[in-house]
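Here's the letter readout for the chains.
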Amino acid sequence: MTSVLQQVLPLPCGAVLPNRLCKAAMTEGIADAHLRATSRHETLYRRWSEGGAGLLLTGNVQVDRRVLERPANVAIDRTDELTTNAEARARLSRWARAGTVGGNHLWMQINHAGRQSPRYVTRTPLAPSAEQLGILGNFGKPRALTEDEILDLVQRFAHVASVARETGFTGVQIHAAHGYLLSSFLSGVTNRRTDAWGGALENRARMLLETVRATRKAVGADFPLSIKLNSDDFRKNGFSNEDCIQLVQWLNHESVDLLEISGGNYEQPALLGHQGDATTAAPLRESTRKREAYFLDYAERIRAVAQMPMMVTGGFRSREGMEAALSDNACDAIGIARPMCTHTDAAGTLLRGEIQDLPAFEHTLKISQKGLFSPTSSVMLFKMLNIFGSQGWYYLNLFRLADGLGPDLRRGPLSAFFGYIASEYAAAFRLHRARKKHV
(Lines give C-alpha, C1' and ligand atoms only; values in the text may rest on other atoms or scores of the structure.)
Protein backbone atom coordinates (compact mmCIF):
# COMPACT_ATOMS: atom_id res chain seq x y z
CA MET A 1 0.00 0.00 0.00
CA THR A 2 1.28 3.47 -0.89
CA SER A 3 2.42 5.42 2.14
CA VAL A 4 1.16 8.93 2.80
CA LEU A 5 4.86 9.88 2.83
CA GLN A 6 4.95 9.17 -0.91
CA GLN A 7 2.07 11.46 -1.80
CA VAL A 8 2.80 14.61 -3.77
CA LEU A 9 2.16 17.99 -2.14
CA PRO A 10 0.70 20.73 -4.38
CA LEU A 11 1.61 24.24 -3.27
CA PRO A 12 -0.52 27.40 -3.65
CA CYS A 13 1.89 28.88 -6.24
CA GLY A 14 1.34 25.88 -8.54
CA ALA A 15 4.57 23.99 -7.79
CA VAL A 16 4.34 20.38 -6.60
CA LEU A 17 6.64 18.60 -4.13
CA PRO A 18 7.16 14.95 -5.22
CA ASN A 19 6.76 13.55 -1.69
CA ARG A 20 6.21 14.67 1.91
CA LEU A 21 9.79 14.38 3.22
CA CYS A 22 12.09 17.38 3.43
CA LYS A 23 15.72 17.71 4.35
CA ALA A 24 15.38 20.59 6.77
CA ALA A 25 17.87 23.45 6.70
CA MET A 26 21.18 22.89 8.47
CA THR A 27 24.03 25.38 8.47
CA GLU A 28 26.82 23.88 6.35
CA GLY A 29 29.87 26.06 7.07
CA ILE A 30 31.63 25.08 3.83
CA ALA A 31 31.78 28.35 1.88
CA ASP A 32 35.12 29.79 0.80
CA ALA A 33 36.80 32.75 2.48
CA HIS A 34 34.84 35.12 0.21
CA LEU A 35 31.55 33.53 1.35
CA ARG A 36 30.86 31.87 -1.99
CA ALA A 37 29.52 28.41 -2.68
CA THR A 38 32.14 25.71 -3.32
CA SER A 39 32.44 22.26 -4.85
CA ARG A 40 31.72 20.87 -1.39
CA HIS A 41 28.18 22.26 -1.67
CA GLU A 42 27.83 20.46 -4.99
CA THR A 43 29.04 17.14 -3.56
CA LEU A 44 26.90 17.39 -0.45
CA TYR A 45 23.69 18.42 -2.17
CA ARG A 46 24.08 15.95 -5.02
CA ARG A 47 24.24 13.18 -2.41
CA TRP A 48 21.16 14.53 -0.64
CA SER A 49 19.31 15.00 -3.93
CA GLU A 50 19.98 11.38 -4.85
CA GLY A 51 18.76 10.39 -1.37
CA GLY A 52 15.06 10.73 -2.15
CA ALA A 53 13.65 13.69 -0.21
CA GLY A 54 11.11 15.70 -2.19
CA LEU A 55 12.47 19.00 -0.88
CA LEU A 56 15.95 20.09 0.17
CA LEU A 57 16.33 23.31 2.14
CA THR A 58 19.80 24.85 2.11
CA GLY A 59 21.59 26.14 5.16
CA ASN A 60 21.01 29.81 5.88
CA VAL A 61 22.40 32.01 3.12
CA GLN A 62 23.22 35.41 4.61
CA VAL A 63 22.02 38.75 3.25
CA ASP A 64 24.77 40.74 5.01
CA ARG A 65 28.43 39.67 4.79
CA ARG A 66 29.27 41.72 7.90
CA VAL A 67 27.01 39.78 10.28
CA LEU A 68 27.18 36.03 9.78
CA GLU A 69 25.79 33.06 11.66
CA ARG A 70 29.23 31.42 11.30
CA PRO A 71 32.42 32.22 9.37
CA ALA A 72 31.85 29.93 6.37
CA ASN A 73 28.26 30.84 5.51
CA VAL A 74 27.37 31.54 1.92
CA ALA A 75 26.44 35.22 1.60
CA ILE A 76 24.80 37.20 -1.19
CA ASP A 77 25.36 40.81 -0.22
CA ARG A 78 24.13 43.31 -2.79
CA THR A 79 26.74 45.83 -1.60
CA ASP A 80 29.64 43.40 -2.15
CA GLU A 81 30.87 42.53 -5.64
CA LEU A 82 32.63 39.31 -4.61
CA THR A 83 29.39 37.70 -3.46
CA THR A 84 27.26 38.93 -6.38
CA ASN A 85 29.51 38.90 -9.46
CA ALA A 86 29.41 36.44 -12.36
CA GLU A 87 31.75 33.97 -10.65
CA ALA A 88 29.68 33.94 -7.46
CA ARG A 89 26.50 33.37 -9.48
CA ALA A 90 28.13 30.58 -11.50
CA ARG A 91 28.99 28.84 -8.25
CA LEU A 92 25.38 29.16 -7.10
CA SER A 93 24.15 27.72 -10.40
CA ARG A 94 26.42 24.69 -10.05
CA TRP A 95 25.14 24.18 -6.51
CA ALA A 96 21.53 24.38 -7.72
CA ARG A 97 22.13 21.90 -10.56
CA ALA A 98 23.79 19.40 -8.25
CA GLY A 99 21.03 19.76 -5.66
CA THR A 100 18.21 18.94 -8.09
CA VAL A 101 19.62 15.91 -9.97
CA GLY A 102 17.11 13.66 -8.20
CA GLY A 103 14.08 15.59 -9.47
CA ASN A 104 13.46 17.20 -6.09
CA HIS A 105 12.95 20.83 -5.16
CA LEU A 106 15.89 22.83 -3.77
CA TRP A 107 14.97 25.96 -1.85
CA MET A 108 17.46 28.53 -0.62
CA GLN A 109 16.97 29.50 3.00
CA ILE A 110 17.65 33.23 3.44
CA ASN A 111 18.69 34.72 6.77
CA HIS A 112 20.37 37.47 8.76
CA ALA A 113 22.06 36.30 11.96
CA GLY A 114 21.20 39.40 13.97
CA ARG A 115 22.61 39.32 17.49
CA GLN A 116 23.47 35.62 17.13
CA SER A 117 26.69 36.28 15.22
CA PRO A 118 29.67 35.08 17.29
CA ARG A 119 32.49 37.37 18.41
CA TYR A 120 35.03 35.60 16.21
CA VAL A 121 32.94 36.69 13.21
CA THR A 122 31.37 40.01 14.25
CA ARG A 123 32.41 42.27 17.10
CA THR A 124 29.24 44.35 16.91
CA PRO A 125 26.19 42.44 15.68
CA LEU A 126 23.02 44.17 14.50
CA ALA A 127 19.66 43.66 16.19
CA PRO A 128 16.31 45.35 16.81
CA SER A 129 17.62 46.49 20.21
CA ALA A 130 20.94 46.42 22.07
CA GLU A 131 20.06 43.22 23.96
CA GLN A 132 23.13 41.00 24.26
CA LEU A 133 22.92 37.23 23.94
CA GLY A 134 23.62 35.83 27.39
CA ILE A 135 25.40 32.58 26.62
CA LEU A 136 29.07 31.60 26.99
CA GLY A 137 30.24 35.19 26.51
CA ASN A 138 30.74 34.33 22.86
CA PHE A 139 28.52 37.06 21.42
CA GLY A 140 29.15 40.79 21.36
CA LYS A 141 26.70 43.47 22.43
CA PRO A 142 24.58 44.32 19.38
CA ARG A 143 23.84 47.74 17.99
CA ALA A 144 20.20 48.65 17.42
CA LEU A 145 19.32 49.06 13.77
CA THR A 146 18.16 52.39 12.43
CA GLU A 147 14.93 52.53 10.43
CA ASP A 148 16.86 53.08 7.20
CA GLU A 149 18.92 49.96 7.93
CA ILE A 150 15.74 47.96 8.56
CA LEU A 151 14.32 49.04 5.22
CA ASP A 152 17.61 48.18 3.52
CA LEU A 153 17.62 44.69 5.06
CA VAL A 154 14.08 44.06 3.82
CA GLN A 155 15.32 44.72 0.29
CA ARG A 156 18.39 42.56 0.86
CA PHE A 157 16.16 39.54 1.54
CA ALA A 158 14.25 40.27 -1.66
CA HIS A 159 17.49 40.64 -3.64
CA VAL A 160 18.85 37.29 -2.45
CA ALA A 161 15.55 35.63 -3.36
CA SER A 162 15.73 37.01 -6.89
CA VAL A 163 19.32 35.75 -7.24
CA ALA A 164 18.18 32.33 -6.02
CA ARG A 165 15.58 32.15 -8.76
CA GLU A 166 17.98 33.40 -11.43
CA THR A 167 20.62 30.80 -10.52
CA GLY A 168 18.35 27.76 -10.57
CA PHE A 169 17.03 27.25 -7.07
CA THR A 170 13.38 26.22 -7.20
CA GLY A 171 12.15 28.18 -4.18
CA VAL A 172 13.19 30.22 -1.14
CA GLN A 173 12.58 30.13 2.57
CA ILE A 174 12.72 33.19 4.84
CA HIS A 175 14.23 32.22 8.20
CA ALA A 176 12.20 33.86 10.96
CA ALA A 177 12.93 31.34 13.73
CA HIS A 178 15.59 30.36 16.28
CA GLY A 179 16.43 33.85 17.49
CA TYR A 180 18.02 35.24 14.33
CA LEU A 181 17.21 38.77 13.16
CA LEU A 182 13.61 38.40 11.96
CA SER A 183 12.84 36.14 14.90
CA SER A 184 14.33 38.61 17.37
CA PHE A 185 12.10 41.37 15.99
CA LEU A 186 9.11 39.21 16.91
CA SER A 187 10.10 38.75 20.56
CA GLY A 188 9.36 41.28 23.27
CA VAL A 189 12.51 40.13 25.06
CA THR A 190 14.87 41.09 22.25
CA ASN A 191 12.81 43.85 20.62
CA ARG A 192 12.56 46.79 23.02
CA ARG A 193 11.96 49.39 20.33
CA THR A 194 9.43 52.16 20.86
CA ASP A 195 8.98 53.12 17.21
CA ALA A 196 6.87 51.54 14.46
CA TRP A 197 9.03 48.37 14.56
CA GLY A 198 8.49 47.52 18.24
CA GLY A 199 5.93 47.38 21.00
CA ALA A 200 2.68 45.65 20.01
CA LEU A 201 2.89 42.38 18.10
CA GLU A 202 1.63 44.14 14.97
CA ASN A 203 4.71 46.37 15.05
CA ARG A 204 7.13 43.58 16.04
CA ALA A 205 5.86 41.54 13.08
CA ARG A 206 6.23 44.45 10.66
CA MET A 207 9.73 43.57 9.48
CA LEU A 208 8.80 39.97 8.70
CA LEU A 209 5.62 40.99 6.88
CA GLU A 210 7.44 43.67 4.85
CA THR A 211 10.16 41.14 4.01
CA VAL A 212 7.62 38.59 2.82
CA ARG A 213 5.91 41.19 0.62
CA ALA A 214 9.17 42.44 -0.88
CA THR A 215 10.35 38.89 -1.51
CA ARG A 216 7.12 37.84 -3.19
CA LYS A 217 7.31 40.90 -5.43
CA ALA A 218 10.90 40.02 -6.34
CA VAL A 219 10.31 36.36 -7.27
CA GLY A 220 6.80 36.49 -8.74
CA ALA A 221 3.59 34.65 -7.96
CA ASP A 222 4.65 31.28 -9.40
CA PHE A 223 7.78 30.73 -7.28
CA PRO A 224 7.61 28.84 -3.95
CA LEU A 225 8.02 31.09 -0.92
CA SER A 226 8.28 29.51 2.52
CA ILE A 227 8.68 30.88 6.05
CA LYS A 228 10.35 29.18 9.01
CA LEU A 229 8.70 30.34 12.21
CA ASN A 230 9.00 29.53 15.89
CA SER A 231 5.91 27.93 17.35
CA ASP A 232 7.09 29.41 20.67
CA ASP A 233 10.32 30.95 21.96
CA PHE A 234 9.87 29.18 25.32
CA ARG A 235 10.84 32.38 27.14
CA LYS A 236 8.84 34.56 29.48
CA ASN A 237 7.63 37.65 27.57
CA GLY A 238 9.05 36.19 24.36
CA PHE A 239 7.28 35.24 21.15
CA SER A 240 4.57 32.91 22.43
CA ASN A 241 2.41 30.28 20.80
CA GLU A 242 -0.50 32.73 21.01
CA ASP A 243 1.61 35.35 19.21
CA CYS A 244 2.48 32.79 16.56
CA ILE A 245 -1.17 31.95 15.97
CA GLN A 246 -1.99 35.63 15.45
CA LEU A 247 0.97 36.11 13.12
CA VAL A 248 -0.03 33.10 11.03
CA GLN A 249 -3.48 34.64 10.57
CA TRP A 250 -1.78 37.72 9.11
CA LEU A 251 0.47 35.52 6.96
CA ASN A 252 -2.63 33.85 5.51
CA HIS A 253 -3.00 36.97 3.36
CA GLU A 254 0.63 37.06 2.15
CA SER A 255 0.83 34.25 -0.49
CA VAL A 256 3.00 31.90 1.58
CA ASP A 257 3.42 28.43 0.05
CA LEU A 258 4.79 26.48 3.02
CA LEU A 259 5.02 27.34 6.70
CA GLU A 260 7.68 25.43 8.63
CA ILE A 261 7.16 25.24 12.38
CA SER A 262 10.09 24.95 14.77
CA GLY A 263 10.96 26.57 18.10
CA GLY A 264 13.54 27.93 20.52
CA ASN A 265 16.77 29.90 20.09
CA TYR A 266 20.37 29.78 21.30
CA GLU A 267 19.34 30.49 24.88
CA GLN A 268 16.36 28.12 24.74
CA PRO A 269 17.54 25.24 22.53
CA ALA A 270 14.23 23.42 22.02
CA LEU A 271 15.39 22.80 18.45
CA LEU A 272 18.02 20.44 19.91
CA GLY A 273 15.50 18.52 21.99
CA HIS A 274 15.72 20.60 25.17
CA GLN A 275 13.22 23.02 26.64
CA GLY A 276 14.01 25.76 29.11
CA ASP A 277 17.19 27.75 29.59
CA ALA A 278 20.19 26.39 27.70
CA THR A 279 22.10 26.18 30.93
CA THR A 280 19.56 23.80 32.47
CA ALA A 281 19.04 21.52 29.46
CA ALA A 282 15.69 20.36 30.81
CA PRO A 283 14.24 17.47 28.78
CA LEU A 284 10.98 17.79 26.89
CA ARG A 285 7.89 16.54 28.63
CA GLU A 286 7.06 12.85 28.27
CA SER A 287 3.91 13.34 26.19
CA THR A 288 5.89 15.19 23.54
CA ARG A 289 8.69 12.65 23.58
CA LYS A 290 6.21 9.85 22.94
CA ARG A 291 4.92 11.73 19.92
CA GLU A 292 8.51 12.26 18.72
CA ALA A 293 8.13 15.69 17.15
CA TYR A 294 9.17 18.42 19.59
CA PHE A 295 6.73 21.01 18.31
CA LEU A 296 3.75 18.98 17.11
CA ASP A 297 1.52 19.97 20.04
CA TYR A 298 2.13 23.64 19.24
CA ALA A 299 1.83 23.07 15.50
CA GLU A 300 -1.64 21.58 15.85
CA ARG A 301 -2.89 24.82 17.41
CA ILE A 302 -1.34 26.78 14.56
CA ARG A 303 -2.81 24.32 12.07
CA ALA A 304 -6.29 25.32 13.21
CA VAL A 305 -5.84 28.81 11.72
CA ALA A 306 -3.19 28.32 8.99
CA GLN A 307 -4.49 28.38 5.42
CA MET A 308 -1.15 27.41 3.82
CA PRO A 309 0.53 23.96 3.86
CA MET A 310 2.57 23.29 7.01
CA MET A 311 5.75 21.40 7.75
CA VAL A 312 6.99 20.40 11.19
CA THR A 313 10.68 19.83 11.87
CA GLY A 314 12.35 18.47 14.98
CA GLY A 315 12.43 15.00 16.51
CA PHE A 316 10.69 12.79 13.95
CA ARG A 317 12.49 9.46 13.82
CA SER A 318 9.96 6.72 13.03
CA ARG A 319 7.99 6.05 9.88
CA GLU A 320 4.97 5.36 12.07
CA GLY A 321 5.22 8.74 13.79
CA MET A 322 5.60 10.60 10.50
CA GLU A 323 2.69 8.82 8.85
CA ALA A 324 0.52 9.44 11.91
CA ALA A 325 1.27 13.17 11.89
CA LEU A 326 0.35 13.41 8.20
CA SER A 327 -2.71 11.15 8.43
CA ASP A 328 -4.01 13.07 11.45
CA ASN A 329 -3.68 16.28 9.42
CA ALA A 330 -1.31 17.77 12.00
CA CYS A 331 0.98 18.83 9.14
CA ASP A 332 1.51 18.37 5.40
CA ALA A 333 5.25 17.66 5.30
CA ILE A 334 7.92 16.28 7.62
CA GLY A 335 11.29 17.97 8.11
CA ILE A 336 14.31 15.75 8.79
CA ALA A 337 17.68 17.22 9.75
CA ARG A 338 20.26 15.41 11.91
CA PRO A 339 19.75 11.91 10.43
CA MET A 340 20.74 13.41 7.07
CA CYS A 341 24.20 14.25 8.48
CA THR A 342 25.08 10.56 8.59
CA HIS A 343 22.65 8.91 6.16
CA THR A 344 22.13 10.93 2.98
CA ASP A 345 19.61 8.34 1.75
CA ALA A 346 17.50 8.45 4.91
CA ALA A 347 14.44 9.79 3.08
CA GLY A 348 14.64 7.26 0.25
CA THR A 349 14.99 4.27 2.53
CA LEU A 350 11.95 5.41 4.49
CA LEU A 351 9.91 5.98 1.35
CA ARG A 352 10.79 2.54 -0.01
CA GLY A 353 9.91 0.88 3.27
CA GLU A 354 13.44 -0.45 3.75
CA ILE A 355 13.64 0.96 7.29
CA GLN A 356 11.06 1.87 9.90
CA ASP A 357 13.20 4.18 12.03
CA LEU A 358 15.84 6.79 11.33
CA PRO A 359 19.11 6.80 13.28
CA ALA A 360 18.93 8.77 16.52
CA PHE A 361 22.54 9.19 17.60
CA GLU A 362 21.57 12.20 19.70
CA HIS A 363 20.32 9.81 22.38
CA THR A 364 23.80 8.39 22.94
CA LEU A 365 25.97 11.43 22.15
CA LYS A 366 26.64 12.28 25.76
CA ILE A 367 29.89 12.61 27.67
CA SER A 368 28.15 10.55 30.35
CA GLN A 369 24.64 9.14 30.49
CA LYS A 370 24.11 10.35 34.05
CA GLY A 371 25.86 12.13 36.85
CA LEU A 372 28.28 15.04 36.95
CA PHE A 373 29.33 14.88 33.28
CA SER A 374 25.85 14.29 31.82
CA PRO A 375 23.49 16.78 30.14
CA THR A 376 21.61 17.06 33.45
CA SER A 377 24.76 17.88 35.43
CA SER A 378 24.60 20.55 38.12
CA VAL A 379 27.72 22.07 36.54
CA MET A 380 26.82 24.42 33.69
CA LEU A 381 30.07 23.78 31.81
CA PHE A 382 29.36 20.07 31.51
CA LYS A 383 25.78 20.67 30.39
CA MET A 384 26.99 22.97 27.64
CA LEU A 385 29.74 20.57 26.56
CA ASN A 386 27.13 17.85 26.10
CA ILE A 387 24.75 20.03 24.09
CA PHE A 388 27.38 21.58 21.84
CA GLY A 389 29.45 18.40 21.66
CA SER A 390 26.48 16.63 20.13
CA GLN A 391 25.91 19.53 17.77
CA GLY A 392 29.58 19.55 16.76
CA TRP A 393 29.45 15.81 16.06
CA TYR A 394 26.77 16.35 13.43
CA TYR A 395 28.61 19.33 11.92
CA LEU A 396 31.84 17.36 11.54
CA ASN A 397 30.01 14.50 9.88
CA LEU A 398 28.37 16.96 7.50
CA PHE A 399 31.88 18.11 6.54
CA ARG A 400 32.81 14.50 5.79
CA LEU A 401 29.78 14.09 3.53
CA ALA A 402 30.75 17.26 1.68
CA ASP A 403 34.20 15.75 1.11
CA GLY A 404 32.68 12.61 -0.40
CA LEU A 405 33.40 10.49 2.67
CA GLY A 406 31.20 8.41 4.93
CA PRO A 407 30.28 9.42 8.48
CA ASP A 408 32.57 8.83 11.45
CA LEU A 409 30.24 7.18 13.96
CA ARG A 410 32.97 6.37 16.46
CA ARG A 411 33.92 9.90 17.45
CA GLY A 412 32.74 11.04 20.87
CA PRO A 413 30.98 14.30 21.71
CA LEU A 414 33.88 15.81 23.67
CA SER A 415 36.32 15.23 20.81
CA ALA A 416 33.69 16.54 18.39
CA PHE A 417 33.24 19.71 20.42
CA PHE A 418 36.93 20.61 20.23
CA GLY A 419 37.18 19.53 16.60
CA TYR A 420 34.26 21.73 15.67
CA ILE A 421 35.62 24.75 17.60
CA ALA A 422 38.98 24.34 15.89
CA SER A 423 37.34 24.25 12.46
CA GLU A 424 35.30 27.37 13.26
CA TYR A 425 38.30 29.41 14.35
CA ALA A 426 40.28 28.28 11.32
CA ALA A 427 37.41 29.40 9.06
CA ALA A 428 37.19 32.70 10.95
CA PHE A 429 40.93 33.28 10.42
CA ARG A 430 40.54 32.73 6.67
CA LEU A 431 37.51 35.01 6.60
CA HIS A 432 39.24 37.92 8.33
CA ARG A 433 42.36 37.52 6.22
CA ALA A 434 40.22 37.69 3.07
CA ARG A 435 38.36 40.74 4.41
CA LYS A 436 41.64 42.60 4.93
CA LYS A 437 42.76 41.86 1.40
CA HIS A 438 39.38 42.91 -0.01
CA VAL A 439 39.29 46.29 1.75
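The text that follows walks through the structure, step by step, so that each part is easy to find.

Calculation criteria
- Residues numbered from 1 in each chain as written.
- Predicted model: local features only at pLDDT ≥ 70, side-chain atom pairs only at ≥ 80, totals over all residues.
- Heavy atoms only, no water.
- Helix = DSSP H or I, 4+ residues; strand = E, 2+ residues; numbered from the N terminus.
- Rg over C-alpha atoms; globule rule 2.2 N^0.38 Å.
- Lys, Arg positive; Asp, Glu negative; His and termini not counted.
- Charge placed at Lys NZ, Arg CZ, Asp CG, Glu CD.
- Buried < 20%, exposed > 50% of the residue type's maximum accessible area, 1.4 Å probe, protein only.
- Pairing = 2+ DSSP bridges.
- Right-handed = clockwise from strand over helix to strand, strands pointing away.
- Core = buried A, V, L, I, M, F, W, Y, C linked by side-chain atoms within 4.5 Å.
- Disulfide = S-S within 2.5 Å.

## Let's talk about the overall build of the protein chain
Scanning the protein chain for helices and strands turns up 13 helices and 13 strands. Against the compact-globule benchmark of 22 Å for 439 residues, the protein chain has a radius of gyration of 20 Å, which places it among compact chains. Dimensions of the protein chain, computed from the C-alpha atoms along their principal axes, are close to 55 × 50 × 45 Å. Here the protein chain contributes 52 positively and 44 negatively charged side chains, and the mean placements of these two sets differ by 6 Å.

## Observations regarding the pairing of strand 10 (residues 225-230)
The buried fraction of strand 10 amounts to six of the six residues, a majority that puts the element mostly inside the structure. Here five bridges tie strand 9 (residues 171-176) to strand 10, and the two strands are oriented parallel to one another. Bridge assignment links H175 to a residue of strand 10, and that residue is K228. In the classification by handedness, the crossover that spans strand 10, the intervening helix 7 (residues 241-251) and the parallel strand 11 (residues 258-262) is right-handed.

## Looking at the pairing of strand 12 (residues 310-313)
Within a regular strand, the side chains alternate between the two sheet faces. Residues M310 and V312 of strand 12 are buried on one face, and the alternating residues M311 and T313, pointing to the opposite face, are buried as well. As defined by bridge partners, strand 11 adjoins strand 12 across three bridges and the pair is classed as parallel. Across the sheet, the residue bridging to L259 is M310, located in strand 12. Bridge count between strand 12 and strand 13 (residues 333-336): three bridges; the pairing is parallel. Bridge pairing links V312 to I334 in strand 13. In this region the chain leaves strand 12, passes through helix 10 (residues 319-327) and returns to the parallel neighbour strand 13; the handedness of that crossover is right-handed.

## Topic: the nonpolar core
Counting 104 residues, the largest nonpolar core has M108 and L229 as the members making the most contacts within it. At nine residues, helix 3 (residues 147-166) tops the list of elements feeding residues into this core. Counting residues in hydrophobic clusters, the runner-up holds 13 residues, among them L9, L11, L55 and A333.

## With respect to the state of the cysteines
One pass over the structure, following the stated rule, counts zero disulfides. Looking at the unpaired C22, the closest cysteine sulfur is the one in C331, lying at 11 Å. A relative accessible area of 1% places C22 in the buried class. You can see C341 has no disulfide; the closest cysteine sulfur is in C22, sitting 13 Å from it. C341 sits in the buried class, given a relative accessible area of 2%.

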